[in-house]
Amino acid sequence: MKKIILASNNKGKIREFNTMLDGVYEVVSMSDMNVEEVPETGLTFVENALIKARNASEQSGLPALADDSGIVIDALKGAPGIYSARYAGEHGNDEANTKKVLDDMKDVTDRNRSGRFWCAIVFVEHANDPTPIIIQRGWEGEILRQKSGENGFGYDPIFYVPTHKCASAELSPEIKNSISHRGRALSALLEKLKVNN
């Protein structure tokens, strides 16, 4: 099976990608290949995903897959956006990030709590690939007033999914992967990769 590097050390993301790519690619993480992170200096999800994919491919010599994703909240003028993982100041502190969003939205009315998870996935064959595959998908929902559920990671406990009448963190991994921003983006990417291989 062909190896591919996922430009991430986020255990939740690695778990999701491995589940969805099982049988198609052998996914290795940045830590597996001693790849060092690169500063995410882009202003959009796509720019940051490209930076990460090219860096991972260059350092590992493998085709690379990177996603940049986060939550975009209308009442916060699109924040946390590309800063979702470090919204409260410390990178990857889900508890602090979630608390900051809830604090920032404490006075926002129920009908103005719309938001979406957004995902940009990029695939490069090599570090200088001039034709990367780029897929973007969103997942519409609302921001809850308190956390609910134990599954998932990140903002899942405060993201209400109207179609399923529960928080994302209350969905099974299988259901989440079939309807989420990342799950749908990855499915679309797999279709393209199958056509190209």
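Read on for an overview of the structure. (Residues numbered from 1 in each chain as written. Predicted model: local features only at pLDDT ≥ 70, side-chain atom pairs only at ≥ 80, totals over all residues. Heavy atoms only, no water.)

### Digging into the nonpolar core
- In terms of nonpolar packing, the biggest core is built from 20 residues, with Phe17, Leu21, Leu65, Ile121, Phe123, Leu186 and Leu189 touching the most fellow members.
- Secondary structure elements with two or more residues in this core: β1 (3-6), α1 (11-21), β4 (114-124), β5 (133-143) and α5 (181-196).
- Sort the elements by how many residues they give to this core and α5 lands first, with six residues.
- Leave out the neighbours within four places in its chain, and Leu186 touches Phe17, Met20, Leu21, Leu65 and Ile121.
- The next biggest cluster of nonpolar side chains, apart from the first, holds 18 residues, and it includes Tyr87, Val101, Val108 and Phe159. (Core = buried A, V, L, I, M, F, W, Y, C linked by side-chain atoms within 4.5 Å. Buried < 20%, exposed > 50% of the residue type's maximum accessible area, 1.4 Å probe, protein only. Helix = DSSP H or I, 4+ residues; strand = E, 2+ residues; numbered from the N terminus. Contact = heavy atoms within 4.5 Å.)

### Some thoughts on α1
- Three or more residues of α1 are buried, namely Gly12, Lys13, Ile14, Glu16, Phe17, Met20 and Leu21.
- Following α1 by one or two positions, Gly23 adopts a phi angle in the positive range, close to 90°.

### Considerations on the packing of aromatic side chains
- Enumeration according to the criterion identifies three aromatic pairs in this entry.
- Ring centres 4.4 Å apart and planes at 50° place the aromatic pair Phe117 and Phe159 in the tilted group. Note that Phe117 is positioned in strand β4 and Phe159 in strand β6 (residues 159-161), a separation of 42 residues in sequence. For the pair formed by Phe117 and Phe159, the shared burial category is buried.
- Across the ring face of Tyr87, the terminal group of Lys100 is positioned such that the distance to the ring centre comes to 4.8 Å. (Phe/Tyr/Trp six-rings, centres within 6.5 Å; stacked < 30°, edge-to-face > 60°. Lys NZ or Arg CZ within 6 Å of the ring centre and 35° of its normal.)

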